[in-house]
Amino acid sequence: MKERVLLGIVDFKERNPWPLHQTGYEMEELVKACNGQVAGKVMCPAHPPEASTLIHKGKVQELAGLVTALEANMVIFSSELKGRQQRELEEALGVRVLDRTQLILDIFARRATSLEGKLQVELAQLEYRLPRLSGNYEGLSRQGGGIGTSGPGETKLETDRRRIEQRVDKIKKELVEVTRSRQVKRKKRQGRYVPLISLVGYTNAGKSTLLNTITDAEAVTKDGLFTTLDSLARQCNLPNRQKVVFSDTVGFMHDLPHNLIEAFKATLEEVQSADLLLHVLDVSNPEYLNFKISVDSVLEQIGALNKPTILVLNKIDLVADKGLIVDAHRKFENTVEISASAKFNIGALLSLVEDFLAEQVAEINVVLPMARMDLVRLAHTEGDVILEEYGADGIHLHARVPAHRAELFQQ
Ligand SMILES: Nc1nc2c(ncn2[C@@H]2O[C@H](COP(=O)(O)OP(=O)(O)OP(=O)(O)O)[C@@H](O)[C@H]2O)c(=O)[nH]1
Ligand SMILES: [Mg+2]
């Protein structure tokens, strides 16, 4: 059975982090991503931050009336709730109350498939719950398969802070192990110096679609939020036959729960170690400039904002006003407009990628003295060897190596 959700869109007036209609739209999309059904949407003016309740009494009464009239079995607020606020609202409304953070965590819990992803989400959920635990509050039943119940089950242990803390410690240790084994795999790949290109961007921008268009990956694409959670990497050849790896990543969103970003930092190492980022932007959405700001803010939090980046203006098949593209080119550096699904202008994007990589990868074609096997080994471990032949005059080596290594071979 689908949950029927009444949405409370909290209006902070001039303190709103984001246009309110976009918040409302995104909240609806988040509910859909959880398989829920939006029964109604109510704007709720917020109290000043120092007030103990989030919204005023009259509004709570109005919501209670709507819960009955619309047969909603859950109310979800667009801003984060303190433990006490959530309990008071549940008592007043008689149905379960969640906030945006719990909703996002729930989506991640549903979508996580890898062991690492599952652990990361469980960690974020437990850390969200810890400061909100309360000794004697039973709360409304969290049994069944509804929104907010995915992930670690809510048992008696939930009220036992110490046991949750132990679980948090255990997950952290397990994550160190899982992350280490993934890093070993990545090192092996990097050992051959195949440049890594990471696709980043707001959720639903078209990253997975672009990965599929460029490589022959079969990444899942869908109109909806947070379709991709685990990163997926695919090797392919650029038109100039250079080998590269493209990797798809989890989509970003504005105001992502902080402990979720923390938990996903290990996965996002792919982004940190990338040679080049393709920042995919859905320019058919009027909020695209805000999307870019949000994505840049997450990139900054994971220390990847200064990476070489190509801004990929996607979904231009849906953009009627071409002035918008001209504008974006003027505003930002290194932009290229494409349509990932209609496969438009992909050639231009790839040639831009080649230009970027050319600055980081050098192609060498040299004859080395027989005594310099160390350089041949270096070319194998850090580079991509195209030809290796042993002649009377020495070792003929044709390879691509990291630009900063090229000089060693030229001497
Ligand atoms: N019209 C149009 N639709 C596109 C284009 N690129 C992607 N889409 C659609 O946009 C939706 C989202 O695409 P995805 O590739 O799943 O987006 P994503 O960035 O991977 O999203 P998350 O994994 O949720 O972060 C899908 O319905 C795609 O078919 C495009 O160039 N034009
Ligand atoms: Mg995706």
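Residues numbered from 1 in each chain as written. Chains lettered and ligands numbered in written order. Predicted model: local features only at pLDDT ≥ 70, side-chain atom pairs only at ≥ 80, totals over all residues. Heavy atoms only, no water.

Core analysis: the largest hydrophobic core is formed by 59 residues, its most contacted members being Leu30, Ile76, Phe108, Ile147, Phe226 and Leu299. Top contributing element to this core by residue count: helix H4 (residues 100–111), with six residues. Structurally, this core is a two-domain feature, drawing no fewer than three residues from each of domain 1 (4–112) and domain 2 (192–358). If near-sequence neighbours (up to four positions away) are discounted, Ile76 is found in contact with Val5, Leu6, Leu7, Gly8, Met27, Val31, Leu98, Asp99, Arg100, Leu103 and Ile147. The next biggest cluster of nonpolar side chains, apart from the first, holds 26 residues, and it includes Ile197, Leu199, Leu211 and Leu349. (Core = buried A, V, L, I, M, F, W, Y, C linked by side-chain atoms within 4.5 Å. Buried < 20%, exposed > 50% of the residue type's maximum accessible area, 1.4 Å probe, protein only. Helix = DSSP H or I, 4+ residues; strand = E, 2+ residues; numbered from the N terminus. Domains from an automatic or database assignment. Contact = heavy atoms within 4.5 Å.)

Moving on: the site of ligand 1. Not every one of the 23 residues close to ligand 1 is listed here, only the nearest: Lys207, Thr209, Thr227, Thr228 and Asp317. Between Asp223 and ligand 1, the recorded distance is 3.3 Å, taken from a backbone N or O atom to an oxygen atom. Across the complex, the protein chains shield 89% of the 650 Å² of accessible surface that ligand 1 would expose by itself. Considering each element in turn, the shell around ligand 1 owes the most residues, three residues, to helix H7 (residues 207–214). When its residues are assigned to classes, the shell around ligand 1 shows five nonpolar, 13 polar and five charged. (Near = heavy atom within 4 Å. Polar contact = N/O pair within 3.5 Å; in protein donor to acceptor, adjacent residues only side chain to side chain. Areas by Shrake-Rupley, 256 points an atom, 1.4 Å probe, with all protein chains shown as cover. Nonpolar A, V, L, I, M, F, W, Y, C, P; charged D, E, K, R; others polar.)

Before going further, it helps to examine the side chain of Lys307. Structurally, Lys307 is set in the loop between helix H10 (288–301) and strand E9 (309–314). One buried charged residue, Lys307, remains without a salt bridge, the closest side chain of opposite sign being Asp275 at 6.7 Å. Here the side chain of Lys307 touches Gln272 through a polar contact of 2.6 Å, landing on its backbone oxygen. Those residues in contact with Lys307 that lie beyond four places of it in its chain are Val271, Gln272, Ser273, Ala274 and Leu277. (Lys, Arg positive; Asp, Glu negative; His and termini not counted. Salt bridge = Lys/Arg side-chain N within 4 Å of Asp/Glu carboxyl O.)

Once that is clear, we can look at the domain arrangement of the chain. Per the domain assignment, the segments of the chain are domain 1 (4–112), domain 2 (192–358) and domain 3 (361–410). Distance from the C-alpha centre of domain 2 to the C-alpha centre of domain 3: 33 Å. Taken together, the contact pairs nine residues of domain 2 with nine residues of domain 3. In this assembly, domain 2 packs against domain 3 so that about 680 Å² is buried in total across both faces, 44% of it on carbon and sulfur atoms. Linking domain 2 to domain 3 there are one salt bridge. Of the charged contacts, one joins Asp384 and Lys243 as a salt bridge, the two residues approaching to 3.5 Å between their closest N and O atoms. Where domain 2 touches domain 3, the interface holds zero residue pairs in polar contact (both at pLDDT 80 or more). The class makeup of the residues in the side of domain 2 that touches domain 3 is four nonpolar, two polar and three charged. (Buried area = accessible area lost by both parts, 1.4 Å probe.)

The next subject is the pattern of salt bridges. Scanning the entire structure with this criterion turns up 18 salt bridges. Between Asp296 and Lys292 there is a salt bridge whose closest N-O contact spans 2.8 Å. Residue Asp296 and its partner Lys292 are both found in helix H10; the two are separated by four residues, about one turn of the helix.

Now for the packing of aromatic side chains. Summed over the entire model, instances satisfying the criterion amount to three aromatic pairs. Between Trp18 and Tyr202, the aromatic rings sit 6.2 Å apart at their centres with planes inclined by 10 degrees, giving stacked as the arrangement. One end of the pair, Trp18, is in the loop between strand E1 (4–11) and helix H1 (20–33); the other, Tyr202, is in the loop between strand E5 (196–201) and H7, with 184 residues separating them in the sequence. Residue Trp18 is classed as buried on the basis of its relative accessible area of 6%. Residue classification places Tyr202 among the buried residues on the basis of a relative accessible area of 3%. Where Tyr202 meets Phe291, the ring centres are 4.1 Å apart and the plane angle is 15 degrees; that geometry is what we call stacked. Taken as a pair, Tyr202 in the loop between E5 and H7 and Phe291 in helix H10 lie far apart in primary sequence, 89 residues in all. Neither residue differs from the other here; Tyr202 and Phe291 are each classed as buried. (Phe/Tyr/Trp six-rings, centres within 6.5 Å; stacked < 30°, edge-to-face > 60°.)

Time to look at the sheet that holds E1. Backbone hydrogen bonds hold the strands of a sheet together, and the pairing may be parallel or antiparallel. Reading across the sheet, the four strands line up as E2-E1-E3-E4 and stay open at both edges, with parallel pairing between neighbours. Of all the strands in the sheet, just strand E2 (37–45) and strand E4 (96–99) have a single pairing partner and so form its edges. Recorded for the sheet is a direction-independent mean angle of 25 degrees between the axes of neighbouring strands. Here strand E3 (residues 74–77) runs beside E4; their pairing, made up of four bridges, is parallel. The residue of E4 that forms the bridge with Met74 is Arg96. On the sheet, helix H3 (residues 83–93) packs against E3 and E4 and is oriented at approximately 145 degrees with respect to E4. (Pairing = 2+ DSSP bridges. Axes fitted to C-alpha atoms, helices over the stretch in contact; angles between N-to-C directions.)

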